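Here is how the chains run, residue by residue.
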Amino acid sequence: MERALYGPGGFFLRPEGPAGHFRTSVHASPLFAGAVARLLVRVAAELGTDEPALVDMGAGRGELLTGVLGALPAGLRVRLYGVERAARPPGLDPRIGWTDRVPEGERGLLFANEWLDNVPVDVAEADEDGTVRYVEVDRTGTERLGGPVEGPDAEWLARWWPLTEPGTRAEIGRPRDEAWAAAVGALAAGTAVAVDYGHLRAARPPFGTLSAFREGRETAPVPDGGRDLTAHVALDACAATGPGPYELRTQREALHDLGVTGGRPPLALASTDPAAYVRALAGAGEAAELTARGGLGDFLWLEQRIAP
Ligand SMILES: C[S@@+](CC[C@H](N)C(=O)[O-])C[C@H]1O[C@@H](n2cnc3c(N)ncnc32)[C@H](O)[C@@H]1O
């Protein structure tokens, strides 16, 4: 997964960027960037500063940061960082910094939309005797069971995703916990938010969720560098590893709280100001997509606070 996504010729280093293959909330509607801008204003107020940082983890091609720049209220001087393994995109606003490391010691908001699901993980499967083994795969996608899972990986499975039935599978989320803890730990103070497809210990998917996308379509998870490889995130495990108190809720709840509600505009507006009505109707449609049950609204938001 590491080589196929980030090695030479890896999927995420391709010039077209992730948006060439799939659509996240960031691309679904500018309302998402607007909500992140409002959250940043809130975090800045909590910190008592008008110079907060916004760190976008796994920034893609800077789409979210560009959207937030356009939605910020006057008077807030924000230091913007895109943290990305891919190179700085051409034409990005010069006010946006670009780096492959999380900046240390910033105060503000760290936001990671669909980052953790692309942090590589190993897959484990219980064999017919119930022994949990690593799943090995070659570049054609042919799989076989390898050695038994031991040590810290086995401890992680025992705590977060026990496999008991033969044939059941798990993605070992330990590298994601560590990546999240390091990202949150780099903040001096503020809030860190991870938004992703997630699952919790009480209801893990019995066969895991490893999957792949190419040019907008789901495809077989073959590690050939030509497709996005992704697996839903055990966000409760990340939360327990990250420093500071946290809240876990759905995107629907988090966006409602930030004013993205999806309510239809009043019909009377159609006769008094038809253009405004049409704009409001389009906005309501986009808000509905971002908060939809069975869709983007079911994503989980993990919000972790670092006290000053
Ligand atoms: C699914 S894309 C999400 C892009 C964007 N956040 C969005 O929501 O549209 C995940 C991105 O995370 C980046 N990424 C993965 N691991 C990273 C790391 N350790 N440091 C920086 N970027 C990383 C990938 O290169 C990829 O661009």
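No experiment lies behind these values; they were computed from the predicted model shown. (Residues numbered from 1 in each chain as written. Predicted model: local features only at pLDDT ≥ 70, side-chain atom pairs only at ≥ 80, totals over all residues. Heavy atoms only, no water.)

Colleague: Help me understand helix H5 (residues 151-160), please; the structure alone is not making it clear to me.
Modeller: All buried positions along H5 are accounted for by Asp153, Trp156, Leu157 and Trp160. The buried residues of H5 all sit within an arc of 95° when viewed along its axis, so they share a single face. Among the exposed residues of H5, those oriented more than 90 degrees off its buried face are Glu155, Ala158 and Arg159. Close packing links the buried residues of H5 with strand S5 (122-126), strand S6 (132-137), strand S8 (169-172), helix H6 (174-186), strand S14 (233-234) and helix H7 (235-241). (Buried < 20%, exposed > 50% of the residue type's maximum accessible area, 1.4 Å probe, protein only. Helix = DSSP H or I, 4+ residues; strand = E, 2+ residues; numbered from the N terminus. Arc of directions from axis to C-beta. Contact = heavy atoms within 4.5 Å.)

Colleague: Any chance you could explain the pairing of strand S7 (residues 143-148) here in plain terms?
Modeller: Within a regular strand, side chains alternate between the sheet's two faces. Taken together, the 4 bridges between S6 and S7 define a ladder with antiparallel strand orientation. Across the sheet, residue valine 137 finds its bridge partner in S7, namely glutamate 143. Count of turn residues in the S6/S7 antiparallel hairpin: 5 residues, of which glycine 141 carries a positive phi of about 95°. (Pairing = 2+ DSSP bridges.)

Colleague: Even after reading the chapter, I still don't get the packing of aromatic side chains, so can you show me in this structure?
Modeller: Describing an aromatic ring pair means giving the distance of the ring centres and the angle of the ring planes. Within the structure shown, the criterion is met by 6 aromatic pairs. Geometrically, the ring pair formed by phenylalanine 32 and phenylalanine 111 is edge-to-face, given 6.0 Å between the ring centres and 70° between the ring planes. Taken together, the residues span a long stretch of sequence, with phenylalanine 32 in helix H3 (residues 30-47) and phenylalanine 111 in strand S4 (residues 106-113) at a distance of 79 residues. With relative accessibility at 0%, the residue phenylalanine 32 sits in the buried group. The exposure class of phenylalanine 111 is buried, given its relative accessible area of 0%. Members of the aromatic cluster, each reached through a chain of ring pairs, are Tyr6, Phe11 and Phe12. The positively charged end of arginine 85 is found above the aromatic ring belonging to tyrosine 6, 4.1 Å away from the centroid. (Phe/Tyr/Trp six-rings, centres within 6.5 Å; stacked < 30°, edge-to-face > 60°. Lys NZ or Arg CZ within 6 Å of the ring centre and 35° of its normal.)

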